[in-house]
Amino acid sequence: QVQLVESGGGLVQPGGSLRLSCAASGFDFSRYVMSWYRQGPGKERELVGSATTFGGGIKYADSVKGRFTISRDNGKNTVALQMNSLKPEDTAVYYCNVKLGQKPYWGQGTQVTVSS
């Protein structure tokens, strides 16, 4: 079955960096767009960014452009989210996502807290 397992979250000070990773299994990873979403306290879940099958078409939310970078390794079935210059408003649970046909799949999420 499809599994997405995120890791790498934690507590970081404003201006700091974190790298999240998502390990995927149960589907042909290289054929699908992989995305990162986040849901902050009291907020709707929002798209952070996505990477097309071979990583060439990467899109980011305006709020993270220039600070976050998505990369994927099709050989290892992983997608990473490098987050730099973190701000308190980046505090959220971050989720890995893939959509197979019409069905979205989600990981369990990893908490990122940006606070001094």
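Since we're looking at a predicted model, the values are computed, not measured. (Residues numbered from 1 in each chain as written. Predicted model: local features only at pLDDT ≥ 70, side-chain atom pairs only at ≥ 80, totals over all residues. Heavy atoms only, no water.)

### Concerning the overall build of the protein chain
Check the secondary structure of the protein chain and you find 0 helices and 11 strands. Helices and strands appear in the protein chain in the N-to-C order β-β-β-β-β-β-β-β-β-β-β. Counting every position in the protein chain, which comprises 116 residues, the buried fraction comes to 39%. Looking at the protein chain alone, contacts between residues at least 24 apart form 52% of all its contacts between residues at least 6 apart. Approximately 6,100 Å² of the protein chain is accessible, and the part contributed by carbon and sulfur atoms is 48%. Each charge sign in the protein chain was given a centre, from 13 positive and 8 negative side chains, and these centres are 4 Å apart. (Helix = DSSP H or I, 4+ residues; strand = E, 2+ residues; numbered from the N terminus. Buried < 20%, exposed > 50% of the residue type's maximum accessible area, 1.4 Å probe, protein only. Contact = heavy atoms within 4.5 Å. Areas by Shrake-Rupley, 256 points an atom, 1.4 Å probe, with all protein chains shown as cover. Lys, Arg positive; Asp, Glu negative; His and termini not counted. Charge placed at Lys NZ, Arg CZ, Asp CG, Glu CD.)

### Describing the environment of T113
Inspection of the secondary structure puts T113 in strand 11 (residues 110-114). Residues T113 and L86, 27 residues apart in the sequence, show an inter-C-alpha distance of 9.5 Å. Dropping the residues within four chain positions of it, T113 is found in contact with G10, L11, V12 and T91.

### Topic: the sheet that holds strand 7 (residues 68-73)
In space, the 4 strands of this open sheet follow the order 1-3-8-7, with antiparallel pairing throughout. Bordering the open sheet on either side are strand 1 (3-7) and strand 7, each of which pairs with just one other strand. Averaged over all neighbouring strand pairs, the angle between strand axes comes to 15 degrees, with direction disregarded. Where strand 3 (residues 18-25) lies against strand 8 (residues 78-83), 6 bridges are found, and the strand directions are antiparallel. Residue pairing for strand 8: L20 is matched across the bridge by L81. (Pairing = 2+ DSSP bridges. Axes fitted to C-alpha atoms, helices over the stretch in contact; angles between N-to-C directions.)

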